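Listed below are the residues making up each chain.
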Amino acid sequence: MSRIASTAKSFNPVLNNVFEKTVKYSYGRTHLRDPEACQKIIDKLDLTHHYKPNNFNIIDVNPGYGLLSSMLNYELKPKNHILIEDKDKCVSTLTGMIDELQNKSNNDSFELYKKDAYEWETYSDLIDKDKLISPIVQPYEKVNDDLLIVANWTGMRDESIIAQWVGCCGNRNWLMKYGKVRMVIFVPALSAMKFITEPGFRKRRRTGMKFSLFTDSKLVAITEAAEKTISEDYKIEDKESDEEKSLRGSSSNGGLKIPVGLGYDPRVLVRDQPPVITKAQYFRNADFAVIEVIPGDHTSNEIANIEYFMSSIYVTSAPLKSSITGVAPGAEYLLKLIPKDILEKKSYELTNEDILEIARAYEEWPFKPSLEDSYMGDFTQTEAYF
Amino acid sequence: MLQAQKSLIRRIPKLHSYSRLLHQTSKSSTLALATSSSSSYVSPLITSRIIQPLMAINSLNATKSSNAKNDRITKQSYLEFDSDTYSLADDEKIAKYYSSKHDGVERRPYTKEINYLKNILESFSEEKYFDKTDQILKSLSKLVTTREFTDIVNKYLENVSQGESLSLEGLENIITELQTTCQFVTNSRTEAVLLSKVLSDEKTTTTEIKKYLENFEKREIKEILRNMEVIGAENLYKIFDSEFIDLSCIPQELHEVYQEYQVKSSVNQVAGDTLKLQENEIINPLNKKNLSELLPVDSFGLKVIRHSLLGLEPTPESALEFSTKVNEIIKDLDDEQLKEDIRSGKLNHHEVYTKLQTPEQKAAYNDALEHFNYDRQKQIEIRGIEGAKEKWKHDFEEQQKRGDLNLTKGLNAQCYDWLQKMIPAIEKEHTLCKALLENDTSVDQGDKATKKERAFYAPFLIKVDPEKAAVITILELLKLHSTGGVTNGFRAYKSVIAVGKAIETEFRTCLHAQKERKATSQKNASSQLTKLISESLDKEDDLTPFWDNSTRSRVGGVLVSFLMSIAKVKVRKHTPKGLLEDYHPAFYHGMQFIGGQRIGVIKIHSEISKCLTGTSFTESIQPQALPMLVKPKPWASFYGGGGLFTKSGLVRMRDAPETEAYVKAASKRGNLDEVFKGLNVLGSTPWTVNSKVFDVISHYWNIGEEFLSIPPVLNEAKFPSELPENADPKEKLERSKLVYKSLREFASSRSQRCDHNYKLEIARGFIGEKLYFPHNLDFRGRAYPISPHFNHLGGDLTRSLFLFWEGRQLGEHGLDWLKVQLANVYGVDKLSLAGRIQFVNDSMDKVIESAADPLAEDAWWKKAEKPWQALSVCFELAEASKMDDPTKFVSHLPVHQDGTCNGLQHYAALGGDIEGANQVNLNPADKPQDVYTYVAGLVEKRVRADAEAGNEMAKFLQDKIKRKVVKQTVMTNVYGVTFVGAIQQIKKQVSQHFGDNDNEHLYAKYLASQVFASIRELFENAHLIQDWLAEAAKRITKSVALDFGDSKDSEHELHSSSVIWTTPLGLPCVQPYRVHKQTAVKTSVQDIFISIPSGTSAVDSRKQQAGFPPNFIHSLDATHMLMTAAKCGEATLNFASVHDSYWTHAADVPVMNRLIREEFVRLHTTNLVQILKDEFVERYKGCYQKVRIPNNHELSKKIKIIKKAWATTLQRKITIADELYMERKRLQMLESEKPEEVEAAKSMETTISVALEYDCYGLVDSKAASAFEILVPLQFPEIPKKGTFDVNLVKQSQYFFS
DNA sequence: TGTGTGTCTAGTGACAATATCCATAATTGGGGG
DNA sequence: CTCCCAATTATGGATATAAGTGTTAGACAAAGA
């Protein structure tokens, strides 16, 4: 049973031979196993300027076996580092790590909080009831420098959490009520592809649009594409068609020169230059990406009136002018209110400004459906039988 | 346009996709095996001498499989192929099977395509698109057997011979051509078509007829005349007139008619048994003149004909006929007042019937009414749709006149407006369709996609009258309001299918009615002949198959999209700039998301839905879904029971071709006569509506408040208060849960109100009427009334509305049984019979009070467990007690006898558990045993034991276990309730009765396990049987057929045997649980997701296993019911049933009770499980099952060696298909005529054959660390031993049913 | 190949998800012989 | 007229969609060792 030892910059030498090289239980999530990979991510994040040592808190959601957490802790030196983890094996490794740190380096910033990170209650309890940390509310003009959220949401069903967190960014509730709190989230690669996009990318849908609107998001790191997503007759093509084809988000014959990054919005790749984590560096064979999400300047208030409208718009990829008609009774009238150039666009081509423009136009619309009309019942659940 | 045409023809059959499938599989593993080098996969153990024949066989197989390429129907669409290359060999046309080869139930390849072709053939032949019909016939001739092809062509000839456009020569030419091109073989029916054509020609002289007839032998003529529905009444008489004809030419069934005719014509008075009225125009739906004449019915001096169901008045002729007959009947009445009441129409049919004095009068009245109702029934079925339209029109005109703004009327007027706009749209579509079908390029077909769509639905759409189509569309959409979990709207899927189905039903009804009219159009046809002809019309089985769902959705789709685009509603909006007015679509399309999945919905504009809430919309009930006014046609074949013109199958099923095939086969073999007999008894029970109860219900209904089971009128759902945008996510979540909850409650209340409304409206329409419920079966043989809304299977309220039409004097015991009935519905059913009677006797004054003043605030009946039925009995008892001699009281009330947990009774009888039998009253006892109480006691005992052992939970629950807690779980245990389901049931009880809500789940879980254990303890043998059934189902559904992977039958999936058994009455039950493939059909509304029915796709093993034990028991209780029904029919009882509740007149209860017990004993004296096992063994022989044997056993080693040898020669892994292939070859050779092949086979070893020498089931050792999977012939475990209970005791058990 | 892990689905009558993309088979059309 | 190849079309399969996951046990399938 070999254990990890490393000379990586952010790796705490005290923890040499604490983490096991292979772990038996993945609990359905991906775990980094190589300190070098963690180092890549930490370097890319470049957070040392943003957070003052011993003067800020980290909420670390699903740290797993804690390798990355320990390195982040060593690198950033938070005052409190809350590890929200409820999986038994992880918890025991984590306690081992915490003990080790306390014994050998007197570091007691870590606090293990054994609760289900899925529950909203966990967070409110953490702050309001158990008072492990007391974050400071900071204005939305700048990024909050008191709180950092790190999360591993790489499981199958975790995507919904990511979407909801972004929703919280729009609502400015939950932890986002403290201000622009930075989040570093491990997500499934496919989620990152859908969510971190620019207008015009074919995979951009409602949630992708919300990412743009409510957050400033970056790709921090990506993994090598799993083999099955790489097309065999992969060819290097010239740049123009390159651009066009990859814009379509097609995963089969994308235009990048190397398979890595296939399926991502190429402009995002160019913009963010994410480092690549190799397969050997993580445990569990499932692609993931690391994203950085910071709440943005727009709120869900601004588009609350067109929620239902948007959901209809993003069903099809036809230009707005044709998909708009069936959306509500009398939607023809709405056509007159929305600028022509927007109507020519397809749903995935809409920019933040376009969306806001539509929301404004919608407000002008005399026949806009009443709110309860947008309630679409979902009572498919089997109910009692006498 | 040629291209579009080709595209149409090509796309319709979709054969090439199948051929692709064939092609693909022909390349798959097994065939690769077959075509690989000849000797390579022969086991090395076989000597070279034996390899020779094997090689020959394999190369033969190889050539066959290379031929298989030619099976592909490629290139030109199959309407154009002209060689035999693509045809199915004769043996292939039928030589396929479903789950078992040994049942003689055939599966035809390309069923779907053949059905489609039959349908479009029907359509095209009526339109006389000969070039297309030729092609279709050619194609069909390649796909079906000669016999079937003859039937198809005959039908086609019938269709095209209609009218003047085709001469006799033309017809003959077609026949000759078909004979040469398609190997068409004529039969007597073909001759009948020709004969009919000859006779129909006005110019044909009698001599010519004679001459024509002389071409045949008399025996032949007899056969030809059998096809009377082809020839028609009028022509039949012409033949009768011919001097060439004598009695020897007349088939048996027509003898009577013939002789009668001879007599009458000799007196020169032709078949005068019908009234001489004006031209008989019964079926002319669109004749408006006819309608205006309908109003003055009372001009006949009789107002008996009061109710006009669906706004349809009876035809004047039949009304006149009826009134004449009634006048005749009441002529002799001595009560002048009664006479006057009847004449003036004060009394409804049932009142008249009950007031008549002599049995003769009653019989005569019944007879007259039956005749009269026959006409009305026809009217309802054929013109029901039109009735709705007339109502709209009426309201529209009223509104125009008065500017009336009443909401309901406004809606009707609105509908009329839409209708007017929709008709031209559909008419235009019709012309486009016809143009497309006629290759008329002058008409612009719009864009490509539209044209493609049109090509699909055109042949079907043009068959339905635009007006009717429009009415149906509007009705169906409004009917769907707020269904499918959509507020103010409905699922697009449902609407499209519903419209498609309704259109199909309408089309079928019209077609049938039209045929009947043609065949019986002779105005003076004798009623006998008319009846004979319409009966033989029913026999046409499968020549117009049901449309498949993709067709339905396409037809529905186009109509729905029309309505959506034309239906507008006016809206006004006050804005700062003043009043804005606009027309908005009444329906609009959207998407709903459920768990991320898209669901297409159509929403109804709020202005419209406002009008729809809570108001009645009875016109929207399809007339075919109403109870019938006349006795349903008796079941005699798979189709044919039920409505006059409505085709409904014997077994209701959803996309289960296998079930259908099995039942049809059984029906053809005559195995179902017993089933028919029972069903016909159920169908021939006449009912009427209990108007007294109806009045009371109606009173409370109209108040609009919640009362007993009547839900209140709710106008809108109440929502919790809004939350700010930035509220805590947890709070937001809680709120949205509340919102959904209140929406759900609102919806359920509304849908309940709606449902009740339907029922009440129908009941209102049928007050005083005589009504019948045609029944059919579900796949287990349980009988259900076909009319879905209003039937005696409903809840308490609905059941209380029913009375038997006929009355029976109470006689000696009747009164007591009425009292028992009251006690039962009051909830006092645990006492002995005497105790129950005593209970009612003690409450007699309250009973009479209840009847006298049912509306009283605290009336006694309202406290009953089933109040409405209690009220119904109160009325009856009060009436009876008024009589001096109650035994003379004529009672109409059905008295129920219910089995105590019927499923458990059957289990107990099967298992022979003594204690179990006691608890469900199989064993005679002084008072009824209550199994629920007993089980509750057992559970209590267990809980107490646990409590003593220190279980905290048990301590809490101790002494709290009541009957009610366990009741539902015990009851549903038989029906296969799962552990989770039981937890839910108990949880509900727990949360109601115990205080502690936090732990209710834990409690429920704990209790559920205790209840299960208790039931198991009580019905030990029964549960062993249950286990045996489940194990058998598991083995069957996990088995592999020997033929799997055979190139000739590549459609079967690996596990494709479903559980099939035959009930003691001969009904085959096929569990329809398979994994259906699904595809999307593009319609103009949206893509519609439909599942493709298949009898060969993989079985859903889990469902099959879970479903089999309860289904088997259900099939037994259904059998018991049908047996009892048949016996009751023989005993001339009126009989009805709700699965395990049997109903008859109070006076007849003793007889029925005896029959129930006798039949139960008769059913269970045979060893049903043994029979089932034998049946299974026979059915599933040739199937193999995977068995895990110890890895280190010598057999494992042997098989591994063989596998390895094969694998090395084949250069790949050995699959199951390979193993089966080798075994198949071995068995084939064993049967061979060549001795050397037999020899070779004998010494050949396959993975399967080596295992035969071992008792593999005995080798199974679950504890063994490592196991090895091998294939062995399917075997079934030994059936568990029966307990010692003697079923015959049931005969003496008073409380078995009570 | 034998394990632990993750996913799926749970009584009957009876109720069903769509849009889009992509690979590939089938068909058509054109050209040459 | 047929044959062959390129181009086009049809079709089935895969995948995403939204965004709390009411509940628990057990069977079954894929996957990691």
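Residues numbered from 1 in each chain as written. Chains lettered and ligands numbered in written order. Predicted model: local features only at pLDDT ≥ 70, side-chain atom pairs only at ≥ 80, totals over all residues. Heavy atoms only, no water.

So, about the overall build of chain A. Along its length, chain A carries 15 helices and 10 strands. When each of the 386 residues of chain A is scored for burial, the buried share is 53%. Residue pairs at least 24 apart in sequence account for 75% of intrachain contacts in chain A once pairs closer than 6 positions are excluded. Split by element, the accessible area of chain A, about 17,200 Å² in all, is 50% carbon and sulfur. (Helix = DSSP H or I, 4+ residues; strand = E, 2+ residues; numbered from the N terminus. Buried < 20%, exposed > 50% of the residue type's maximum accessible area, 1.4 Å probe, protein only. Contact = heavy atoms within 4.5 Å. Areas by Shrake-Rupley, 256 points an atom, 1.4 Å probe, with all protein chains shown as cover.)

Our next topic: the overall build of chain B. Counting its secondary structure elements, chain B contains 51 helices and 21 strands. Burial statistics for chain B: of 1298 residues in total, 56% are counted as buried. A separation of at least 24 residues holds for 73% of the contacts in chain B among residues at least 6 apart in sequence. Element-wise, carbon and sulfur atoms account for 50% of the exposed surface of chain B, whose accessible area totals about 54,800 Å².

Residues and elements named next belong to chain B. Topologically, Val 1138 is positioned in the loop between strand E18 (1136–1137) and strand E19 (1141–1145). Through-space distance from the C-alpha of Val 1138 to that of Ile 566 is 45 Å; in sequence the pair is 572 residues apart. Beyond its immediate sequence surroundings of up to four residues, Val 1138 is in contact with His 792, Leu 793, Arg 799 and Trp 1143.

A word on the interface of chain A and chain B. Contacts between chain A and chain B engage 35 residues on the former and 40 residues on the latter. A buried area of about 3,300 Å², summed over both sides, lies between chain A and chain B, and 60% of it is on carbon and sulfur atoms. Summed over the shared surface of chain A and chain B, the number is 1 salt bridge. Lys 730 of chain B is the salt-bridge partner of Glu 121 of chain A, the closest N and O atoms lying 3.6 Å from each other. (Buried area = accessible area lost by both parts, 1.4 Å probe. Salt bridge = Lys/Arg side-chain N within 4 Å of Asp/Glu carboxyl O.)

So, about the packing of aromatic side chains. As enumerated under the stated definition, the model contains 52 aromatic pairs over all chains in all. Between Tyr 123 of chain A and Trp 174 of chain A the ring centres are 5.1 Å apart and the planes differ by 80°, which places this aromatic pair in the edge-to-face class. Here the residue Tyr 123 of chain A occupies a position in helix H4 (residues 120–129), and Trp 174 of chain A occupies one in the loop between helix H5 (159–171) and strand E6 (180–188), the gap between them amounting to 51 residues. By relative accessible area, Tyr 123 of chain A is classed as buried at 2%. Taking relative accessible area as the criterion, Trp 174 of chain A reaches 4% and is therefore assigned buried. Between Tyr 282 of chain A and Phe 288 of chain A, the ring centres sit 5.0 Å apart and the planes meet at 85°, which makes this aromatic pair edge-to-face. In this structure an aromatic cluster arises from ring pairing among Trp 687, Phe 773, Phe 790, Phe 802, Phe 804 and Trp 1143 of chain B. Between Arg 172 of chain A and the ring centre of Tyr 140 of chain A, over which it is positioned, the NZ or CZ distance is 3.6 Å. Above the plane of the ring of Phe 456 of chain B lies Arg 554 of chain B, whose end atom (NZ or CZ) is 3.7 Å from the centre. (Phe/Tyr/Trp six-rings, centres within 6.5 Å; stacked < 30°, edge-to-face > 60°. Lys NZ or Arg CZ within 6 Å of the ring centre and 35° of its normal.)

Another aspect to go through is the pairing of E6 of chain A. Residues and elements named next belong to chain A. Judged by how many residues are buried, E6 sits mostly within the fold: 9 of 9 residues are covered. Of the crossover connections in this fold, the one passing from strand E5 (residues 143–152) over H5 to the parallel E6 is right-handed. Here 6 bridges tie E6 to strand E10 (residues 288–295), and the two strands are oriented antiparallel to one another. Across the sheet, residue Val 187 finds its bridge partner in E10, namely Ala 289. (Right-handed = clockwise from strand over helix to strand, strands pointing away. Pairing = 2+ DSSP bridges.)

Model confidence for chain A is summarised by a mean pLDDT of 85, while 87% of its residues fall at 70 or above. Across residues 227–258 of chain A the pLDDT falls below 50, and counting only partners more than four positions away or on other chains, this stretch makes 38 contacts in the model. (pLDDT = per-residue confidence, 0-100.)

All names here are of chain B. Strand order across the open sheet formed by 3 strands is E12-E19-E18, with antiparallel pairing between neighbours. Bordering the open sheet on either side are strand E12 (894–898) and E18, each of which pairs with just one other strand. Relative to E19, E18 runs antiparallel, the two being bridged by 2 bridges. Bridge pairing links Ala 1136 to Trp 1143 in E19. Contacts from helix H46 (residues 1149–1164) reach E12 and E19 within the one sheet, and its direction differs from that of E19 by about 145°. (Axes fitted to C-alpha atoms, helices over the stretch in contact; angles between N-to-C directions.)

All right, on to the packing of helix H35 (residues 844–852) of chain B against helix H36 (residues 867–882) of chain B then. All names here are of chain B. Relative orientation of the contacting elements H35 and H36 amounts to 105°, with a least axis distance of 8 Å. Comparing their axes, H36 and H35 come out roughly perpendicular. Contacts between H35 and H36 pair Met 844, Val 847, Ile 848, Ser 850 and Ala 851 from the former with Leu 871, Cys 874, Phe 875, Leu 877, Ala 878 and Ser 881 from the latter. Looking at the contact of H35 with H36 residue by residue, the class counts come to 9 nonpolar, 2 polar and no charged. (Parallel < 35°, antiparallel > 145°, perpendicular 65-115°, else oblique. Nonpolar A, V, L, I, M, F, W, Y, C, P; charged D, E, K, R; others polar.)

Our focus in this paragraph is the environment of Trp 547 of chain B. Residues and elements named next belong to chain B. With respect to the helices and strands, Trp 547 occurs in the loop between helix H25 (527–538) and helix H26 (549–566). On the basis of relative accessibility, which here comes to 3%, the residue Trp 547 falls in the buried class. Apart from residues no more than four positions distant in its own chain, Trp 547 is found in contact with Asn 119, Phe 460, Gly 500, Ile 503, Glu 504, Phe 507, Arg 508, Arg 552 and Val 555.

A few words on the UniProt feature "binding site: S-adenosyl-L-methionine" (unreviewed entry) in chain A. All names here are of chain A. As recorded in UniProt, the sites labelled "binding site: S-adenosyl-L-methionine" (unreviewed entry) are Leu 32, Glu 85, Asp 116 and Asn 152. Along the chain, the position of Asp 116 falls in the loop between strand E4 (110–113) and H4. According to the relative accessible area criterion, Asp 116 is partly exposed, its value standing at 35%. Every residue in contact with Asp 116, bar those within four places of it in the chain, is listed here: Asp 86 and Thr 122. Within the structure, the side chain of Asp 116 is placed 2.9 Å from the backbone nitrogen of Tyr 118, a separation counted as a polar contact. Judged by relative accessible area, which is 8%, Asn 152 ranks as buried. Excluding residues that lie within four positions of it along the chain, Asn 152 makes contacts with Arg 29, Thr 30, His 31, Val 61, Asn 62, Asp 158 and Phe 186. Within the structure, Asn 152 has its side chain in polar contact with the backbone oxygen of Thr 30 (distance 2.8 Å). (UniProt positions renumbered as here; feature names shortened; annotations may be inferred. Polar contact = N/O pair within 3.5 Å; in protein donor to acceptor, adjacent residues only side chain to side chain.)

The subject of this paragraph is the side chain of Ser 1293 of chain B. All names here are of chain B. Looking at the secondary structure, you find Ser 1293 in the segment after strand E21 (1267–1273). By relative accessible area, Ser 1293 is classed as buried at 1%. Side-chain polar atoms of Ser 1293 contact the backbone nitrogen of Phe 1296, separated by 3.4 Å. Once residues lying within four places of it in the same chain are set aside, the contact partners of Ser 1293 are Asn 921, Leu 922, Asn 923, Pro 924 and Arg 1157.

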